[in-house]
Amino acid sequence: MSGLTGLTGGRAFVLPLEDSDAIPAAVRRAPADAPPEERPGLERAVALVESTAAASEDALCARWVRARPADSGFTGDIARRPPAGPAQGRAGPRAC
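Source: prediction; values computed, not measured.

Parameters and conventions
Residues numbered from 1 in each chain as written. Predicted model: local features only at pLDDT ≥ 70, side-chain atom pairs only at ≥ 80, totals over all residues. Heavy atoms only, no water. Helix = DSSP H or I, 4+ residues; strand = E, 2+ residues; numbered from the N terminus. Buried < 20%, exposed > 50% of the residue type's maximum accessible area, 1.4 Å probe, protein only. Areas by Shrake-Rupley, 256 points an atom, 1.4 Å probe, with all protein chains shown as cover. Salt bridge = Lys/Arg side-chain N within 4 Å of Asp/Glu carboxyl O. Axes fitted to C-alpha atoms, helices over the stretch in contact; angles between N-to-C directions. Parallel < 35°, antiparallel > 145°, perpendicular 65-115°, else oblique. Left-handed = near helix turned anticlockwise from the far one by under 90°. Contact = heavy atoms within 4.5 Å. Nonpolar A, V, L, I, M, F, W, Y, C, P; charged D, E, K, R; others polar. Expected span 1.5 Å × (residues − 1).

Draft legend 1. A look at the overall build of the chain. Counting its secondary structure elements, the chain contains three helices and zero strands. Along the chain direction, N to C, the helices and strands of the chain fall in the order α-α-α. Within the span of the chain, comprising 96 residues, buried residues form 5% of the whole. Of the roughly 8,300 Å² of accessible surface on the chain, 56% is carried by carbon and sulfur atoms.

Shown next, in the form of structure tokens:
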């Protein structure tokens, strides 16, 4: 991602954009104005935007959390739950 200060070492970041109808609308319009060779990629982008827009926040968070170990090359068992302990309340904004 060139042009963004502080991004080095091939690392990327995610900037969540919530409650913006303008982004999906622009992505949906893009294939109509694109040259034929760009349409398949833009149609795939439309499908991704629509599936993400339809998903709940919990589902998106779970997808993100499950992808982190795989993206780092981890191949172990992530389905194992930690031992039961006292209930932990969540304070402040939700974080994945």
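Draft legend 2. Seen up close, the pattern of salt bridges. The tally for this structure, following the rule as stated, stands at two salt bridges. Residues Glu50 and Arg28 are paired through a salt bridge, measuring 3.0 Å at the closest nitrogen-oxygen approach. One end of the pair, Glu50, is in helix H2 (residues 39-54); the other, Arg28, is in helix H1 (residues 22-33), with 22 residues separating them in the sequence. Among the ionic pairs, Asp71 bridges to Arg68, the shortest N-O distance being 2.4 Å. Residue Asp71 and its partner Arg68 are located together in helix H3 (residues 57-71), separated by three residues, close to a single helical turn. The exposure class of Asp71 is exposed, given its relative accessible area of 56%.

Draft legend 3. Just the packing of H1 against H2, in detail. Packing of H1 against H2 leaves a shortest axis separation of 9 Å and a crossing angle of 155°. Put simply, H1 runs roughly antiparallel to H2. Where H1 crosses over H2, the handedness of that crossing is left-handed. Contacts from Pro24, Val27, Arg28, Ala30, Pro31 and Ala32 of H1 reach H2 at Arg39, Leu42, Glu43, Ala45, Val46, Val49 and Glu50. In the contact of H1 with H2, the residues fall into nine nonpolar, no polar and four charged.

Draft legend 4. Region of interest: H3. Here H3 contains 15 residues, and its C-alpha end-to-end distance of 21 Å stays within 8% of the 21 Å for a straight helix at 1.5 Å per residue. At the exit of H3 stands Gly73, carrying a positive phi of roughly 95°.

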